[in-house]
Amino acid sequence: MNNKIYWIWLQNALKYGNHKVRTVKLLYEDIRKFYNAGEKEWRLCGCFTNKEISSLLSSTIQNAAVILDQSVSLGYKIVTLDDKEYPQKLKNIANPPCVLYIKGDISNIDKKLCISIVGTRSATIYGTQMASEIAYDLSKQDVIIVSGGALGVDKAAHIGALKAGGETIAVLGCGINYKYLAENKQLRNEISKTGALISEYPPDTPAFSSNFPIRNRIISGLSSGTVVIEAGAKSGSLITANLANDQNRDVFVIPVDMRSPVSQGTVSLIRDGAKIITCAQDILNEYNIKSKNINSEKEKRQNINLSTISSKPAPETQKNISLKKESSFSNKGPLIDSLPKDCKDVYLFIKENGKCHIDRISINTNINIKNLLSIITELEIGGFIESYPGKMYEAK
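Just so we're clear, the structure is a prediction, and the values are computed from it rather than from any experiment.

Caption draft 1: Examining the packing of aromatic side chains more closely. Applying the stated criterion across every chain yields a total of 11 aromatic pairs. On the basis of an interplanar angle of 35 degrees and a centroid distance of 5.9 Å, the ring pair of Trp9 and Trp42 is categorised as tilted. Residue Trp9 is found in helix H1 (residues 3-14), and its partner Trp42 is found in helix H3 (residues 31-44); the two are separated by 33 residues along the sequence. Overall, Trp42 belongs to the buried group, its relative accessible area being 3%. When the ring of Tyr180 is compared with that of Phe212, the centres are 5.9 Å apart and the planes differ by 40 degrees; the resulting orientation is tilted. One end of the pair, Tyr180, is in the loop between strand S5 (168-171) and helix H9 (185-194); the other, Phe212, is in helix H10 (residues 211-221), with 32 residues separating them in the sequence. By relative accessible area, Phe212 is classed as buried at 12%. Aromatic rings pair up to connect Tyr6, Trp9, Tyr28, Phe34, Tyr35, Trp42 and Phe48 into one cluster. Over the face of the ring belonging to Phe212 we find Arg121, whose NZ or CZ atom lies 5.4 Å from the ring centre. Above the ring of Tyr388, the side-chain terminus of Lys355 is found at 4.0 Å from the ring centroid.

Caption draft 2: Main features of the packing of H1 against helix H4 (residues 50-58). Contact geometry for H1 and H4: axes closest at 8 Å, N-to-C directions at 140 degrees. Considered as vectors, H1 and H4 are oriented oblique to each other. For the pair H1 and H4, the sense of crossing is right-handed. Between H1 and H4, the residues in contact are Trp9, Leu10, Asn12, Ala13 and Leu14 and Glu52, Ser55 and Leu56, respectively.

Caption draft 3: Examining the side chain of Ser199 more closely. Considering the arrangement of structural elements, one finds Ser199 in strand S6 (residues 196-199). Overall, Ser199 belongs to the buried group, its relative accessible area being 0%. Here the side chain of Ser199 touches Tyr201 through a polar contact of 2.9 Å, landing on its backbone nitrogen. Non-local contacts of Ser199, meaning those with residues more than four positions away in its chain, are made with Val99, Leu100, Tyr101, Leu172, Cys174, Gly175 and Ile176.

Quick notes on the rules
- Residues numbered from 1 in each chain as written.
- Predicted model: local features only at pLDDT ≥ 70, side-chain atom pairs only at ≥ 80, totals over all residues.
- Heavy atoms only, no water.
- Phe/Tyr/Trp six-rings, centres within 6.5 Å; stacked < 30°, edge-to-face > 60°.
- Helix = DSSP H or I, 4+ residues; strand = E, 2+ residues; numbered from the N terminus.
- Buried < 20%, exposed > 50% of the residue type's maximum accessible area, 1.4 Å probe, protein only.
- Lys NZ or Arg CZ within 6 Å of the ring centre and 35° of its normal.
- Axes fitted to C-alpha atoms, helices over the stretch in contact; angles between N-to-C directions.
- Parallel < 35°, antiparallel > 145°, perpendicular 65-115°, else oblique.
- Left-handed = near helix turned anticlockwise from the far one by under 90°.
- Contact = heavy atoms within 4.5 Å.
- Polar contact = N/O pair within 3.5 Å; in protein donor to acceptor, adjacent residues only side chain to side chain.

Here it is, written out as C-alpha cells:
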C-alpha cells in the first residue's frame, strides 16, 4: 500500500501542528512500521497522551485512502515527509506537516530564495502598494513570494509577483478545493499556473478560524525571511513573525504611520528586533544578492498585458493577443482591444466613471458579482485597475 496513505492517517490522527510528528519520524524509519506497531508499542514510546492514543486507534486507513483518491482525482500532488520533493526548509521546523496537498509546482522552493509577505486583511492603500511593489521587485530578482492567499496585504503580494512574471505560493488555511474567498478564485487559478497553492488540510476542509494560526508556521517555514506590512496588535501576522523567529528566520518590517491602528503590531516587532526595511533592495542586501537595476523596473510595474497571464480569452479575441507581457502602456488602445469582451466592458465603465463601488459596476455592466469578482481580479493582475478599501476600484 502507498506510504502516503499512512502519513495522511497520521496527520488525521495527530491533527495539525503537532510536534510529535518529528518524534515518529525519528523513531521509525518507515511510517508503515509505526502504523503496524499498534497500541502497546505506541504507549511504550512514552510521548503520546491518552487522547492521542485514542485518536491513533480511531482514525482509519480507509478514511485516509478516500482523501488520497480525492486528491488524485482533483489533480493535486501529495508530498509527505518521506518524499524528496518535500521542502527541506519546512522539514527542519519543529512541527512539520505530515502531508502537503499541492496544486501547482514547488520544485524551486529549495533552489531559490523564498520570502513571505504578510499583513492585515484591512490594509491601507499604502500597505497594498508596498506589498505589491516589494513582491514585484523581489520577483524580478528570481525570489519566490510566499503569502496566505487572503485579502489585503496577501492579495497585493501575490498580484505583485504575478505582474512581474514570478513564482508565488499561497499557503491556505483550508482545503484547496474549498470555496474560500470567491473574489480570490481567479487569483488562486493564476497562482497555480506559475507557482502553487499549498495546504496541509484535505481538499474540502472548511476555513475554520483555528486553522489559520496553525497554517502560519508553514508560511514562515518555507521562507528565509518574513516581511510584515501593517499589523494590528492582535494580527495573525504577528503569529507568523513570532513563528519565523522561533524557526530562526529573518523578520522584516515596513515602517507605518504611528497613529494608524495597523501600526501597533509592527511597532512591537521593531521593539523585539525586527529589521526595518523600505524596499526590496534592503531584503536582497541581507542575503548578499546582487540585483539587476530595480529602479528601471519601477516604470514597468503597471505595464503588464493582462492577456499573457489571465485565463484563456474568449475565442473572438484570441487572434488579437500578441503583445509582450511588459509592453508600454503609453498607448493603451491596442491593449484594451485585446481584452475579452467582459473585461473590456468593465474596464471602460470604470475608466469613464472614476472610482466605483463593485455594486455599481455590476448593475451597469449587467455582470453578476461572482463573475465580476473574477474579471476585476484579472484586471488588477493585468495592471488595468487598482483596488481600494470597501470594494472600490479605479482605472489606471
